[in-house]
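Topology and contacts: notes
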Amino acid sequence: MGGVISTVFGGVEDAAAGTESEPSRVLKFSSSARWQLHFNEIKESNKLLVVDFSASWCGPCRMIEPAIHAMANKFSDVDFVKLDVDELPDVAKEFNVTAMPTFVLVKRGKEIERIIGAKKDELEKKVSKLRA
């Protein structure tokens, strides 16, 4: 079924992994429809979702990316998603993203926290606190 959905709506890609042998736990969506399917699924659970709104041209976004992958590995009970604002401007607008990187923490479909900027320590503390 996943293959059919990927074919119809555009794929889910692993964001660049730290090593070739270890796949990334950070999902990257390049289709609004596929993102919406994932978002609707996770709204039904109490799982914390961290949405990383970034852009390929954003220096601070590229700088914090290894830390996001490390957090995704450390907090395996949290979903990490990377969305490029240039690929999915409608989703960025829906979440009122005006600067990159912006990290939106969501539980049960509702935003519970927002961090603007490449603030690794602040993000890690909030994820640690809100994941339970």
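Each remark here, short or long, concerns the structure printed above.
Residues numbered from 1 in each chain as written. Predicted model: local features only at pLDDT ≥ 70, side-chain atom pairs only at ≥ 80, totals over all residues. Heavy atoms only, no water.

Here's the deal with the packing of helix H3 (residues 59-74) against helix H5 (residues 120-130)
Two elements in contact, H3 and H5, have axes whose closest approach is 11 Å; the angle formed by their N-to-C orientations is 20°. Taken together, the axis directions place H3 and H5 in an arrangement best described as roughly parallel. You can see that H3 and H5 cross each other, and the crossing is right-handed. Across from Ile-64, Ala-67, Ile-68, Met-71 and Lys-74 in H3, the residues of H5 making contact are Lys-120, Leu-123 and Glu-124. The residue inventory of the contact of H3 with H5, partitioned by class, reads 5 nonpolar, no polar and 3 charged. (Axes fitted to C-alpha atoms, helices over the stretch in contact; angles between N-to-C directions. Helix = DSSP H or I, 4+ residues; strand = E, 2+ residues; numbered from the N terminus. Parallel < 35°, antiparallel > 145°, perpendicular 65-115°, else oblique. Left-handed = near helix turned anticlockwise from the far one by under 90°. Contact = heavy atoms within 4.5 Å. Nonpolar A, V, L, I, M, F, W, Y, C, P; charged D, E, K, R; others polar.)

Regarding the nonpolar core
Core analysis: the biggest nonpolar cluster contains 20 residues, and Trp-35, Phe-39, Leu-49, Phe-53, Leu-83, Val-91 and Phe-95 have the highest contact counts within it. Grouped together as the second largest cluster of nonpolar side chains are 17 residues, Val-26, Ile-64, Phe-75 and Phe-103 included. (Core = buried A, V, L, I, M, F, W, Y, C linked by side-chain atoms within 4.5 Å. Buried < 20%, exposed > 50% of the residue type's maximum accessible area, 1.4 Å probe, protein only.)

Structural notes on the packing of aromatic side chains
Under the counting rule described, the total for this entry stands at 5 aromatic pairs. Ring centres of Phe-39 and Phe-95 lie 6.0 Å apart, and the angle between their planes is 80°; on these two criteria the pair is classed as edge-to-face. Of this pair, Phe-39 sits in helix H2 (residues 32-43) while Phe-95 sits in the loop between helix H4 (89-94) and strand S5 (102-107), and the two are 56 residues apart along the sequence. In terms of burial, Phe-39 and Phe-95 fall into one category: buried. Measuring from centroid to centroid gives 5.5 Å for Phe-53 and Phe-95, while their planes differ by 45°, and the two rings are tilted. Note that Phe-53 is positioned in strand S3 (residues 49-54) and Phe-95 in the loop between H4 and S5, a separation of 42 residues in sequence. Taking the relative accessible area as the measure of exposure, Phe-53 reaches 1% and is therefore buried. Aromatic ring contacts, followed pair by pair, group Phe-29, Trp-35, Phe-39, Phe-53 and Phe-95 into a single cluster. (Phe/Tyr/Trp six-rings, centres within 6.5 Å; stacked < 30°, edge-to-face > 60°.)

By themselves, these are just geometric observations and shouldn't be taken as functional.
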